[in-house]
Amino acid sequence: MCSKFVKFYRKHLAKRVSGGVDHVELMKHNTKDDCWVHLFGIVYDVTKYLDFHPGGIPELLRGAGRDATPLFNQYHAWVNYESMLKACVVGPFIGDLTKLPSPLPPTTSDDKNKLGVPSSALFSTDPSENGYGARVETLSDNSGISFEHDDWTELTEHNVIVSLVPVFVKTSINTRGEENTEEHARLRVLIHHFWKPAMEFEFEPTPALCHVEYTLKIMKNRVEIRFSREISGGKIDRSKCKIQRRPGVTYHTTEIIDRYRLNHDTLIFSLQLPEHTTYRIPIGHHVSIKIRKGSMGKFSWKFFLIFGYSVLYRPYTPISNPDPQKIDFMIKIYSNGICTPSLENLKIGGELEISDPIGERNFAEWTENAQELILLAAGSGITPMIDIMEKRIQKTENSNSKVYFLMFNKTENDLQTGKPEENPKSTWKMADFYSKYRGDERIVMKNVLSASECPVETGEYFNGRVSTDLLNSIISTSSTASRRAFICGPDGFILAAKTALESLNLHSDQIHIFQG
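The protein appears in an unreviewed UniProt entry as Cytochrome-b5 reductase from Caenorhabditis elegans. Check the Sequence similarities (unreviewed entry) section of the UniProt entry for the protein; it says "Belongs to the flavoprotein pyridine nucleotide cytochrome reductase family."

Set out below in structure tokens:
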């Protein structure tokens, strides 16, 4: 599908719009003969792509003239859309996403609970209705609530997100027209099981849950939430719960508690998760970051006086933090980029919104079931590899297994394995790994620099690009161990890395590609 489309579309380039596309203009292009969609801050003309869409034309038209980002995250999280649709770019989105209509309901399934259905249609007072096989029950002592499904197997903490957030509900309006509000709390539970549709359980806001602590217990096919005090009177039970299967993406507001420069163009952000939120990200999964733009690289401040601010989305792979209430991001800043200059302007104490985890695959199991693991990453493509590397180190230190981590950059200034330029006392995983395991024959970490002036095999770096010869000089060719590999980087790097790995007799089912 992709290759046929790319060959076809090279002859049918989209007409670009200078200055960008706002929400008013985008909404005009909402038909089969004129179909524009918004994806992660860019507007694409996908009219000529409709016939190539594997889900059919009606499914793609669900996002016509709309923000299709939630649909993309729901069904195509790992697709390299930037490469596939680069000929379809109309221009950057400069409007207000909140003014765009929601995606239309699905056309190929009788599952009316997918993205696009108004949430009011999902509440039910009948506990047997719209449960999709899930059982939601109040615990016998009224101390909490449980969620159970026969299709769930081997649930872990990485499959469950719980948020208990305060909301203010309008209760009345006085004679002066002033609104009176009352504090409530809303409980939301997301079960994103590997390889199965995610399920969301959201309860009506209630004052009974305000300022309540909870504990979480996760079993194979059951999740229990116990509150710090008894919740009586039917304040939280199945009749108050909206259940969605394959829900849209929800965003969580985090606080920036640390920010420092790793090298000349890369920043590390450390985020504090909201209070009363349990949030874990499985290895290899990513999130969408919501960016409220106050600057746009090449566009001037006068541009924003005319068009106002915009909200864009970008996918990033997070890095786990030893503190479960924190999460880290390594972000490369592009001075002429659409989004990253706005991220660079964020300061400690500011806020950043991140989505629920996106992805379905259980990479933890896939990573462990190989005697040798090979990680090939170019530039910021190391981000999905860092947690994989950390987990693999835990296995390798206690076994005869081996891991190779090859990091490809242009110059020494681009390395991500040194101490941060700013706040050198800050803890940075990659610097710690590189220092601790230097010279270790089981945990092999190598920097490869492509600039011609870089030294050749100094012990610190290799000079060159990813190739069969390079891999043969680092990875044992006589090994009979079972192998698996991960690749992440630009398209050209991915192609060359895959070819080089195949020369080591790795087959396609032994190689996973993170689209950079």
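**Focus: the nonpolar core**
In this structure, Y44, I289, F329 and I354 are the most contacted members of the largest nonpolar core, which totals 50 residues. Counting residues domain by domain, this core receives three or more from each of domain 1 (1–99) and domain 3 (251–358). In terms of nonpolar packing, the next biggest core, distinct from the first, is built from 31 residues, L262, M385, M407 and F433 among them.

**Regarding the pairing of strand 9 (residues 199–203)**
The element strand 9 is largely enclosed, with a buried count of five among its five residues. Alternating residues of strand 9 divide into M199, F201 and F203 and E200 and E202, and every residue in both groups is buried. Across four bridges, the pairing between strand 8 (residues 179–191) and strand 9 is antiparallel. Across the sheet, the residue bridging to R188 is E202, located in strand 9.

**With respect to the sheet that holds strand 5 (residues 135–138)**
In space, the four strands of this open sheet follow the order 5-6-11-10, with antiparallel pairing throughout. Strand pairing shows two members of the sheet lacking a second neighbour, strand 5 and strand 10 (214–218), which therefore form its edges. Between one strand axis and the next, the sheet turns through 15° on average, direction left out of account. Summarising the sheet, strand 6 (residues 144–148) and strand 11 (residues 222–227) pair through five bridges and their orientation is antiparallel. Residue pairing for strand 11: S146 is matched across the bridge by E224.

Rules of the game
Residues numbered from 1 in each chain as written. Predicted model: local features only at pLDDT ≥ 70, side-chain atom pairs only at ≥ 80, totals over all residues. Heavy atoms only, no water. UniProt positions renumbered as here; feature names shortened; annotations may be inferred. Core = buried A, V, L, I, M, F, W, Y, C linked by side-chain atoms within 4.5 Å. Buried < 20%, exposed > 50% of the residue type's maximum accessible area, 1.4 Å probe, protein only. Domains from an automatic or database assignment. Helix = DSSP H or I, 4+ residues; strand = E, 2+ residues; numbered from the N terminus. Pairing = 2+ DSSP bridges. Axes fitted to C-alpha atoms, helices over the stretch in contact; angles between N-to-C directions.

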